[in-house]
Amino acid sequence: DGRATLILTLTLCNLRKTELPKAAKVFEMFETQIHHFETRRAKKSKNSADDLDIFVECEVHSADVSILITSLKRVAEDVKTSREDKVPWFPRKIQDLDKCHHLITKYDPSLDHGHPGYTDLEYKKRRAFFADLAFNYRAGDPLPLIEYTPQETATWREVYRKLSSLYPTHACTQYLDAFQQLEKYCGYQEDNIPQLQDVSRFLKGQTGFQLRPAAGLLSARDFLASLAFRVFQSTQYIRHFSSPMHSPEPDCCHELLGHVPMLADKEFAQFSQDIGLASLGSSEAEIEKLATLYWFTVEFGLCKQNGSIKAYGAGLLSSYGELMYALSNKPEYKPFDPEMAAVHPYQDQAFQPVYFIVENLEDAKAKLQNYAMKIKKPFSLHYDPFTSNIEVMNTPQKVKRALHQMKEELKNLCLALENLS
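Residues numbered from 1 in each chain as written. Predicted model: local features only at pLDDT ≥ 70, side-chain atom pairs only at ≥ 80, totals over all residues. Heavy atoms only, no water.

**Student:** For the overall build of the protein chain, give the residues involved together with the corresponding values.
**Tutor:** The helix and strand inventory of the protein chain stands at 15 helices and 12 strands. Judged by the C-alpha coordinates and their principal axes, the protein chain covers about 80 × 60 × 40 Å. By the burial criterion, 50% of the 421 residues in the protein chain qualify as buried. For the protein chain, restricting intrachain contacts to residue pairs at least 6 apart in sequence, the fraction spanning at least 24 positions comes to 67%. About 21,300 Å² of surface is accessible on the protein chain, with carbon and sulfur atoms providing 53% of the total. For the protein chain, the distance from the average position of its 50 positive side-chain charges to the average position of its 55 negative side-chain charges is 6 Å. (Helix = DSSP H or I, 4+ residues; strand = E, 2+ residues; numbered from the N terminus. Buried < 20%, exposed > 50% of the residue type's maximum accessible area, 1.4 Å probe, protein only. Contact = heavy atoms within 4.5 Å. Areas by Shrake-Rupley, 256 points an atom, 1.4 Å probe, with all protein chains shown as cover. Lys, Arg positive; Asp, Glu negative; His and termini not counted. Charge placed at Lys NZ, Arg CZ, Asp CG, Glu CD.)

**Student:** Tell me about the nonpolar core, residues and numbers included.
**Tutor:** Counting residues in each nonpolar core, the largest one holds 77 residues, and the members touching the most others are Tyr-167, Tyr-175, Tyr-188, Leu-203, Leu-256 and Leu-257. For this core, the leading source of residues is helix α8 (residues 252-263), giving 7 residues. In contact with Tyr-167, other than residues within four places in its own chain, are Tyr-175, Leu-176, Phe-179, Leu-257, Leu-317 and Leu-323. (Core = buried A, V, L, I, M, F, W, Y, C linked by side-chain atoms within 4.5 Å.)

**Student:** If you had to explain empty space enclosed by the protein to someone new, which residues and values would you point to?
**Tutor:** Vacant regions in the atomic arrangement are exposed by a probe of water-molecule size rolled over the atoms. All told, the structure shown has 3 cavities of 30 Å³ or more when counted by the stated rule. By volume, the largest cavity amounts to about 70 Å³. Looking at the lining of the largest cavity, the elements with two or more residues in it are α3 (121-136) and β5 (210-214). Sort the elements by how many residues they give to the lining of the largest cavity and β5 lands first, with 3 residues. (1 Å grid on protein atoms, 1.4 Å probe; cavity = no way out; pocket = protein on both sides within 12 Å on 5 of 7 lines; lining within 4 Å. Points joined across faces, edges and corners; volume = space filled by probe spheres on them.)

**Student:** Summarise the packing of helix α9 (residues 266-279) against helix α10 (residues 284-299); cite the residues concerned and give the values.
**Tutor:** For the pair α9 and α10, the least separation of the axes is 10 Å and the interaxial angle reads 165°. The pairing of α9 with α10 is recorded here as roughly antiparallel in orientation. The two elements α9 and α10 meet at a crossing, and its hand is left-handed. Along its contact with α9, which presents Phe-268, Phe-271, Ser-272, Ile-275, Ala-278 and Ser-279, the element α10 presents Ile-287, Leu-290, Tyr-294, Thr-297 and Val-298. (Axes fitted to C-alpha atoms, helices over the stretch in contact; angles between N-to-C directions. Parallel < 35°, antiparallel > 145°, perpendicular 65-115°, else oblique. Left-handed = near helix turned anticlockwise from the far one by under 90°.)

**Student:** Quick rundown of the side chain of Ser-388? Include the residues and the values.
**Tutor:** Within the fold, Ser-388 resides in the loop between β11 (381-384) and β12 (389-392). Relative accessible area serves as the criterion here: at 16%, Ser-388 is assigned to the buried category. Once residues lying within four places of it in the same chain are set aside, the contact partners of Ser-388 are Lys-93, Ile-94, Phe-229 and Tyr-383.

**Student:** Describe the pattern of salt bridges, with residues and values.
**Tutor:** Tallying each qualifying case throughout the model produces 16 salt bridges. Here Lys-93 makes a salt bridge to Asp-96, at a shortest N to O gap of 3.7 Å. By relative accessible area, Lys-93 is classed as partly exposed at 39%. With its nearest N and O atoms 3.0 Å apart, the salt bridge here joins Arg-212 to Asp-98. Linking Arg-212 in strand β5 with Asp-98 in the loop between β4 (77-83) and α3, this pair joins segments that are 114 residues apart in sequence. (Salt bridge = Lys/Arg side-chain N within 4 Å of Asp/Glu carboxyl O.)

**Student:** Now, about the packing of helix α6 (residues 196-207) against α8: what can you tell me, with residues and values included?
**Tutor:** At a closest axis distance of 9 Å, the pairing of α6 and α8 adopts a crossing angle of 25°. By the criterion of interaxial angle, the relationship of α6 to α8 is roughly parallel. Between α6 and α8, the contacting residues are Leu-196, Val-199, Leu-203 and Thr-207 on the first element and Leu-256, Val-260 and Leu-263 on the second. Per-class residue counts for the contact of α6 with α8 are 6 nonpolar, 1 polar and no charged. (Nonpolar A, V, L, I, M, F, W, Y, C, P; charged D, E, K, R; others polar.)

**Student:** Account for unusual backbone geometry, naming residues and giving values.
**Tutor:** Unusually for a residue other than glycine, Arg-230 sits at a positive phi of about 55°. The backbone of Ser-388 sits at a positive phi, close to 55°, despite the residue not being glycine.

**Student:** How would you summarise the sheet that holds strand β10 (residues 354-358) if you had to cite specific residues and measurements?
**Tutor:** Spatially, 4 strands are ordered β8-β7-β10-β9 in an open sheet, and the strand pairing comes out mixed. With one partner strand each, in any of the chains shown, β8 (308-311) and β9 (332-335) form the two edges of the open sheet. Between one strand axis and the next, the sheet turns through 40° on average, direction left out of account. Relative to β10, β9 runs parallel, the two being bridged by 4 bridges. Of the residues in β10, the one forming a bridge with Glu-332 is Val-354. (Pairing = 2+ DSSP bridges.)

**Student:** Account for the environment of Leu-277, naming residues and giving values.
**Tutor:** Along the chain, the position of Leu-277 falls in helix α9. Separated by 104 residues in the primary sequence, Leu-277 and Thr-173 place their C-alpha atoms 27 Å from one another.

**Student:** Outline the pairing of β5, listing residues and values.
**Tutor:** Of all 5 residues making up β5, 4 are buried, and the element is well covered by its neighbours. Here β5 pairs with strand β6 (residues 231-235) via 5 bridges, running parallel. Note that in β6 the partner of Pro-213 across the bridge is Ser-234. With respect to chirality, the unit in which β5 leads through helix α7 (residues 220-227) into the neighbouring parallel β6 is right-handed. (Right-handed = clockwise from strand over helix to strand, strands pointing away.)

**Student:** If you had to explain the packing of aromatic side chains to someone new, which residues and values would you point to?
**Tutor:** To describe a pair of aromatic rings, one takes the distance between the centres and the angle between the planes. Going through the model one piece at a time under the given rule, you end up with 20 aromatic pairs. Plain terms: the ring middles of Tyr-167 and Phe-179 are 5.3 Å apart, the flat faces sit at 70° to each other, and that makes the pair edge-to-face. On the criterion of sequence distance, the pair formed by Tyr-167 in helix α4 (residues 150-170) and Phe-179 in helix α5 (residues 173-185) is long-range, its members being 12 residues apart. Residues Phe-268 and Phe-271 carry aromatic rings whose centres are separated by 6.4 Å and whose planes lie at 25° to one another, so their mutual orientation is stacked. One end of the pair, Phe-268, and the other, Phe-271, are both in helix α9, 3 residues apart, so they sit about a helical turn from each other. Taken individually, Phe-268 and Phe-271 each receive the classification buried, so the pair is uniform in this respect. Chaining the aromatic ring pairs together yields one cluster made of Trp-156, Tyr-160, Tyr-167, Tyr-175, Phe-179 and Tyr-188. Between Arg-127 and the ring centre of Tyr-237, over which it is positioned, the NZ or CZ distance is 3.5 Å. Over the face of the ring belonging to Tyr-320 we find Lys-162, whose NZ or CZ atom lies 4.7 Å from the ring centre. (Phe/Tyr/Trp six-rings, centres within 6.5 Å; stacked < 30°, edge-to-face > 60°. Lys NZ or Arg CZ within 6 Å of the ring centre and 35° of its normal.)

Functional significance is not addressed by these values, which are geometric in nature.
In structure tokens:
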């Protein structure tokens, strides 16, 4: 809409006179929408104790930016500005995820001639039903309950039976522990496709993650942004019955058998959220690197455990053929290095020729956090778990508030340690 977001700092001198009303008049003249206005006593007071430093975050028509700044310089000193219009939009609160639903359609059954369901009109009609549910969902709504057909349940049964026979020998212990819990509390069984509502409730109690319905394969930016809020966008449809062991796109077998069990692990949940937070406001080039990192870890990651290699990636844990292949002597293994993994070519239509192995999930998380710190952005972000909001840390006051919260938490933890000793 031709508007720019500005962050302005300026100093008003001799405030007892007329400078503040003059500055206010400038903002009013250009129909400025003010998002945040903050004052504090000037650090470098030239004339009197009445001098004020002012911080303003505002929105104005792009064409008016330079004249607004020129006008402010007439009534204030030390006017500095930075523009945010070059930073891609990103969600600031969990409700904003309602806008994060852009689909990648290259594997859609209506468009992809190679999709197993391309010529099946009934399947495409069913998929349109699931897409409508996802597009109409809003944050806070109850998750849609699905009555799966006997054919859909039969497809699930075949996938579930075959994969669960491999898990004891091929999956990492974190996965196995969670899978056992999901069988106990969320209806994970051969003849029942679990409902997102039950699974989401379980995850919320384990790691704070929750699910929301997705219509298909989302854009990397939208999908990663959701993870920043500990929200996982999950499809509810199931792959075409003619191809139970392979799906060209995510489906509920991939989400429920691949992703969900690992999201119940605290280290892995933090790792997932860290990738999401790193994506917010990042350039297209950085998004591509983060999506590739996600591919080689969350989707196709391997880890060392008790002297052997185990799978923790969802793409492996929801694919019988690739899970067998990944832990055979055929592929190449490389130690996990985010800088290398982020630019490594990958396969989305065949088995991976290369897999990255992490020492453990804690080590992977530390390496990812170091990588994320090097991504250049004009701001820092803080996730507030109490409000599920993302705070742009662009004033000293915001940083102080976050530090105060951390100090209170540390105080409680120190007290707990004292009680234990």
